Amino acid sequence: MKINKLYRLFTLASLMLFCFCNVTMAQTNSEEVTATVVDEQGNPISGVNVFSSKGEKASSDINGQFKIKLLDDESVVLEKRGYESEIISMSDLIGKITMKKSPFLASEDDEIKMGVATKVRRDIVGALSSINTQDRLTYDNTQFVRDYINGLMLGVRGSENIRGIGNAIFVIDGVIGRDPNILNMEEVEQITVLRDANSVALYGSQGRNGVIVINTKRGKANKKEVNVNIQSGIRTPMALPRYLGSVPYMQLFNEARNNDGLDDFYDASLIQEFSTSSNKYKYPDLDLYSTEYVQPFVNFTNVITEFSGGNDKNQYYVNVGWNRNEAWVDINEDINAGSNRFNVRGNLDFKINDWITSSLDGIAVISTSKSSRANLLSSGTTLRPNAYSPFLPVDLLDTSDPTVAGQLQSANTFNGNLLGSTQQFGADAPIALAIAGGYRDTVFRSTQFNNTINFDLDRITKGLSAKTYISFDFYDSYNLTIENQFKTYEPNWEGDSITSLGVFGEDLKDQTENISTNGFTSRFGLYGLINYDTTFAKDHSLNTTLLGFYNSQRQNDVIQTDVDTHLGFQMSYDYKKKLFFDFTGTYANSIKLPEGNRGGFSPTSGIAYLISEEPFLKDSKFINYLKLKASGGVMKSDRGITALNSGGSVNNGASPYYLYDLNYSRGNNINWGDGNSNRRIDVTQGENLDLTFEERIDLNLGFETYLMNSLWIEANYFKTELDKQITFLQDQYPSYYDIFRPYNNFNKNLYTGFEIGMNFNKTYEDFSISLGANVLYSQTERTERSEVFAEDYLQTQGREISTIFGLVDQGFYSEADFTTDVNGDRVLNAGLPVPQFGSVQPGDIKYQDQNGDNIIDNDDRSAIGQSSSPWTYGVNLNLKYKRFNFFVLATGQSGADGNKLNNSFNEYYSVDGNDKYSEVVLGRWTPATASTATFPRLSSQTNQNNFRQSTFWLYDTSFFRINRAQITYEFQDTLCNQLGIEDFSINLSGTNLFEIGENKDIRQLRIGTTPLSRAYTLGLRMSF
């Protein structure tokens, strides 16, 4: 779908929804009503917002009085933060209206929707953090859900890893496993992170690593709103690969060959021509990361409209959005390169009768990403600068030759150029493919549907209710391609003229748009719950929930359907709203396990004591609120049951089912002496019918407090064991028994640490400050492993989970480390450990002999670092002065190492053989730079010694970064009234603005893919 079609569709949908939401009945019989709002002591309450079902709004004055025009029998909604909302009919708006003050952390604004349950913050026992977006989106206008989580949510490392245990499962509007990337933040009302076992127990197996609950917005009775958010800006690359040009490349490649005892590959005269000639077509210097191919900045636009409202019987919320991003590489004028995303959400709540309410949610997202068939960012990592000229100007052709003239006459030209190539690339030259090869349009579609029915069963027993929930999601992606054939040309030069052309391929337009699938996923889920809530003997409250859950997921080319089912029971008790106790029991079923072991019971419990309700603290002016809490339990889960490679690493390409079974495969033929043969049957997996669930054993101790009416502090200590993780036992079978080894529940990991969160809010007349900070420390340990190693220091048991094992470098071999034998060859001095990774020379990396056997091999590896950061933190600050807002969010981490030999660097740092040279090789070892070298000697061969995991290639990944900052100005009410709008603000924001880190240049580098970018955005927000 082209951009103009998307835009027209978006505009039409917005106008239709706007018109629909603004159709109202003619208020011919309206009547002005006056009333006064007071608290329970009879004192007037100012600032109470009053909403009618037809869109009228009012607010109480200092005397608690308000006036509003209403139709006959119309009801109004009264709202004020800290008070319980009221819905009052017109006939009852007489005299004084009493609003009840909510206890601290027990108002409607303090409700936390935890997917399958809703509680107020005051009553919660477990460890969770929650954020409401309503008051934040004006001054923190990012539209990416993961960005909102990173740095703001306590206990989260990055955007989804909770306490270092693993990636949490996302629950969106009650549906487990939905992808948050399809949301825009305007849709989101609340984000909640459930961290301890007691909080996530009702989610069964899938809650093992924690749960992140996202609830989208819903319409509210008598609150009709139309909101528009427009953003437009640019992105600039933070870092791009810096490859060397043709001349230094050829010089250094010659040096690499000389180091290997080989002659020069490039003549000095040729290098001189590349250096001095003005003919860049004959002597090319190609860099696909230059501004000739990668744009210095790209544009993006984001437009979102919202419509919501309703009455006491029906409420609606609609979100319509369009997002456009320009591509970094856009060299084909016939291709509208870039991406477009269009989304529509409708959330509808309605009352069926006095005891049944329901909701219907529907979501549709379609995104398209159009590009050429060539990935130039990937090609740029290997295409050498002197390989060929991608363009051949036609005015350089010597057409005196009839053959050349005929070739030119029949050729397609592009901006006065033929498409260049060489014998090596032929018709597949990447730049030619990008320009003339057609296009690839990747389409992603997502549709989601869910329905809830709520039953108020007070007529059976007071406090009894029930709920059913059903959902269906479908995701698919496919490619639409036009695959043109095209000619490319290899020039033969005489002087500065092209005298003949080698031709590859043919010019042929593809007349059919080809379709190929990228796969699909369908998900069906349902659950039902029965809830009973009661208070007895005045001071005792009890809430019980019984839950039945089913979820299934199918994927293309996967035979086995993923199924998750469990039953859950939760009982919450409190005494005088100051002593709270929770018990949760979940019975999970898993078809990943053998018959007889498919069921597992998970008990968890928690207790909290609201000590600030005791007489000795109740009237304290310093401690306004203080709660102590503890929780623990055991969770059974099959989420970590996955297929493994023989070494124990996860095999993502294999099925996680039937791992308990004895598996066979067809082997080689066996030939007999009589000429007959039989096919051998091999055992590929041993049997273990005792395979069972993994266990999460959890303990959480913490407190939360509110001090001096301005400072919120929360802290938790946690200890989590992940026990009975599946593995292959290495120390109980001989090596020749590998293929017979069964899976076993053996491995155990330990996670301990603490988290501290703080928020300070204070207002001084026209100035207010809000400061938040959170710190997570997570220490991990492999407490049990089945291992067999020649050396004790190679054991992973007892070490940090992400420990990096490698060799310890001792600098470079020097010329003094070698002597010359009678044949003139360098020989390593006697007494020096002998490397087993190929012969070495001066300038190669020297490694430490850990075990003293005078040999350098894999037994000399040791623990040299860890890839996971134990310390992560976030800081956010919001300053408001009158109508100006300044917001900034920063994050950081420390204590971890990165590896330059990681595959994502595409051999940018590990240069040998015919690899392209990056700027890092400028610090190579030579006899002249032996004391200052930062890179090993160059080699034109595959170097087995230098590019091994070692301390030489590790780097510190610690950083402190300004993730985003925003300046906002909210216009005065007088201007808004003149424009006929409710609210109007303008903002200027930036992301990835600043970073402090020793190796930020390495961390920010993305090679072969879309660069990490810095964005600057201008935004407008309007409410009607």
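Described below are features of the structure shown in this document. (Residues numbered from 1 in each chain as written. Predicted model: local features only at pLDDT ≥ 70, side-chain atom pairs only at ≥ 80, totals over all residues. Heavy atoms only, no water.)

A closer look at the overall build of the chain
A count of helices and strands for the chain gives eleven helices and 55 strands. Over its C-alpha atoms the chain spans a radius of gyration of 34 Å, differing by no more than 12% from the 31 Å that the globule rule assigns to 1024 residues. Its C-alpha atoms give the chain principal-axis dimensions of roughly 110 × 75 × 70 Å. Sorting the 1024 residues of the chain into buried and exposed places 51% on the buried side. A separation of at least 24 residues holds for 69% of the contacts in the chain among residues at least 6 apart in sequence. As displayed, the chain offers around 47,000 Å² of accessible surface, 50% of which is attributable to carbon and sulfur atoms. (Helix = DSSP H or I, 4+ residues; strand = E, 2+ residues; numbered from the N terminus. Rg over C-alpha atoms; globule rule 2.2 N^0.38 Å. Buried < 20%, exposed > 50% of the residue type's maximum accessible area, 1.4 Å probe, protein only. Contact = heavy atoms within 4.5 Å. Areas by Shrake-Rupley, 256 points an atom, 1.4 Å probe, with all protein chains shown as cover.)

What to know about the sheet that holds strand S1 (residues 31–38)
Pairing is mixed across the open sheet formed by three strands, whose spatial order is S4-S1-S7. The outermost strands of the open sheet, each flanked by one partner alone, are strand S4 (65–70) and strand S7 (96–98). This sheet shows a mean twist of 40 degrees between the axes of neighbouring strands, independent of strand direction. By the bridge criterion, three bridges tie S1 to S7 in an arrangement that is parallel. (Pairing = 2+ DSSP bridges. Axes fitted to C-alpha atoms, helices over the stretch in contact; angles between N-to-C directions.)

Section: the pattern of salt bridges
This model, assessed by the stated rule, comprises 48 salt bridges. Salt-bridge contacts for lysine 748 lead to glutamate 784; the nearest nitrogen and oxygen are separated by 3.9 Å. One end of the pair, lysine 748, is in strand S39 (residues 743–764); the other, glutamate 784, is in strand S40 (residues 767–784), with 36 residues separating them in the sequence. The class for glutamate 784 is partly exposed, based on a relative accessible area of 30%. (Salt bridge = Lys/Arg side-chain N within 4 Å of Asp/Glu carboxyl O.)

Regarding a negative patch on the surface
Taken together, the side chains of Glu40, Glu84, Glu108 and Glu111 present a region of like negative charge at the surface. Here glutamate 108 shows up in the loop between S7 and strand S8 (111–113). A relative accessible area of 43% places glutamate 108 in the partly exposed class. (Patch = residues over 30% accessible without salt bridge, like charges linked within 9 Å, V, L, I, M, F, W, Y side chains within 5 Å. Lys, Arg positive; Asp, Glu negative; His and termini not counted. Charge placed at Lys NZ, Arg CZ, Asp CG, Glu CD.)

Section: helix H4 (residues 246–259)
Helix length check: H4 (14 residues) gives 20 Å between terminal C-alpha atoms against 20 Å at 1.5 Å per residue, within 8%. Turning to H4, its buried residues are Ser246, Val247, Tyr249, Met250, Leu252, Phe253, Asn254, Glu255, Ala256 and Arg257. Of the residues one or two after H4, glycine 261 is the one with positive phi, at around 80 degrees. (Expected span 1.5 Å × (residues − 1).)

Observations regarding unusual backbone geometry
Note on backbone geometry: most residues besides glycine have negative phi, and most peptide bonds are trans. The backbone of leucine 105 sits at a positive phi, close to 65 degrees, despite the residue not being glycine. Counting through the fold element by element, leucine 105 comes out in the loop between S7 and S8. At asparagine 709, a residue that is not glycine, the phi angle is positive and equals roughly 55 degrees. By the element assignment, asparagine 709 lies in the loop between strand S37 (694–707) and strand S38 (711–728).

Observations regarding the nonpolar core
Counting 43 residues, the largest nonpolar core has Tyr908, Tyr909, Tyr917, Val921, Phe935 and Trp953 as the members making the most contacts within it. Of all elements in the fold, only H4, helix H5 (268–276) and strand S46 (845–847) reach the threshold of two or more residues within this core. Counting residues in hydrophobic clusters, the runner-up holds 23 residues, among them Met114, Ile124, Ile176 and Leu194. (Core = buried A, V, L, I, M, F, W, Y, C linked by side-chain atoms within 4.5 Å.)

Focus: the sheet that holds strand S14 (residues 169–172)
The five strands lie next to each other as S10-S16-S17-S14-S15, forming an open sheet whose pairing is mixed. Lying at the two open borders of the sheet, with one neighbouring strand each, are strand S10 (128–132) and strand S15 (175–176). When S14 meets S15, the two strands line up antiparallel, connected through two bridges. Each residue of the ladder has a partner; that of isoleucine 172, found in S15, is valine 175.

Notes on the packing of aromatic side chains
A full pass over the atoms with the stated rule returns 36 aromatic pairs. Ring centres of tyrosine 243 and tyrosine 908 lie 5.4 Å apart, and the angle between their planes is 80 degrees; this geometry places the pair in the edge-to-face category. In this pair, tyrosine 243 sits in the loop between strand S18 (225–237) and H4 while tyrosine 908 sits in the loop between strand S51 (897–899) and strand S52 (954–956), placing the two residues 665 residues apart along the sequence. The pair tyrosine 243 / tyrosine 908 is uniform in exposure class, with both members buried. An aromatic cluster is defined as three or more aromatic residues linked by ring pairs; in this entry it consists of Tyr243, Tyr289, Phe905, Tyr908 and Tyr909. One Lys or Arg, lysine 592, reaches over the ring of tyrosine 657 and ends 6.0 Å from the middle of that ring. In this structure, lysine 627 is placed above the aromatic ring of phenylalanine 580, and the distance from its NZ or CZ to the ring centre is 5.6 Å. (Phe/Tyr/Trp six-rings, centres within 6.5 Å; stacked < 30°, edge-to-face > 60°. Lys NZ or Arg CZ within 6 Å of the ring centre and 35° of its normal.)

Quick notes on the pairing of strand S26 (residues 464–483)
The sheet contact formed by strand S25 (residues 438–456) and S26 spans 19 bridges and is antiparallel. Looking at S26, one finds that glycine 438 is bridged to glutamate 483. Direction of pairing for S26 relative to strand S29 (residues 514–536): antiparallel, over a ladder of 18 bridges. Bridging across to S29, asparagine 479 finds its partner in serine 516.

Observations concerning the packing of H4 against H5
Following both chains from N to C, one finds H4 and H5 inclined at 160 degrees, their axes separated by 9 Å at the closest point. Here H5 runs roughly antiparallel to H4, going by the angle between their axes. In this structure, H4 crosses over H5, and the sense of that crossing is left-handed. Where H4 abuts H5, its residues Ser246, Val247, Met250, Gln251 and Asn254 lie against Ile271, Phe274 and Ser275. Its residues placed into classes, the contact of H4 with H5 shows four nonpolar, four polar and no charged. (Parallel < 35°, antiparallel > 145°, perpendicular 65-115°, else oblique. Left-handed = near helix turned anticlockwise from the far one by under 90°. Nonpolar A, V, L, I, M, F, W, Y, C, P; charged D, E, K, R; others polar.)

Some words on the side chain of serine 778
Examined against the element boundaries, serine 778 turns out to sit in strand S40. Within the structure, serine 778 has its side chain in polar contact with the backbone oxygen of arginine 163 (distance 2.8 Å). What serine 778 contacts, discounting residues up to four positions off in sequence, is Arg157, Arg163, Gly164, Phe718, Thr752, Gly753 and Pro870. (Polar contact = N/O pair within 3.5 Å; in protein donor to acceptor, adjacent residues only side chain to side chain.)

A few points about the environment of isoleucine 1002
Among the secondary structure elements, isoleucine 1002 is positioned in helix H11 (residues 1000–1003). When the C-alpha atoms of isoleucine 1002 and glycine 898 are compared, they prove to be 9.2 Å apart, with 104 residues separating the residues in sequence. Each residue touching isoleucine 1002, except ones within four places of it in the same chain, is listed here: Lys900, Phe905, Tyr909 and Tyr955.

Some thoughts on a nonpolar patch on the surface
On the surface, Leu348, Leu360, Phe449, Ile470, Phe472 and Leu526 cluster together into a nonpolar patch covering about 460 Å² of accessible area. Tracing the chain through its elements places leucine 348 in strand S21 (residues 338–351). Classification of leucine 348 as partly exposed rests on a relative accessible area of 36%.

With respect to the pairing of S37
The element S37 is extensively covered by neighbouring structure, given that ten of its 14 residues are classed as buried. Where strand S34 (residues 623–637) lies against S37, 14 bridges are found, and the strand directions are antiparallel. Along S37, the bridge assignment pairs serine 637 with glutamate 694. Alignment of S37 against S38, held across 13 bridges, turns out to be antiparallel. Opposite tyrosine 706, over in S38, you have tryptophan 712 as the bridge partner.

Everything listed is a geometric property; what it means functionally is a separate question.
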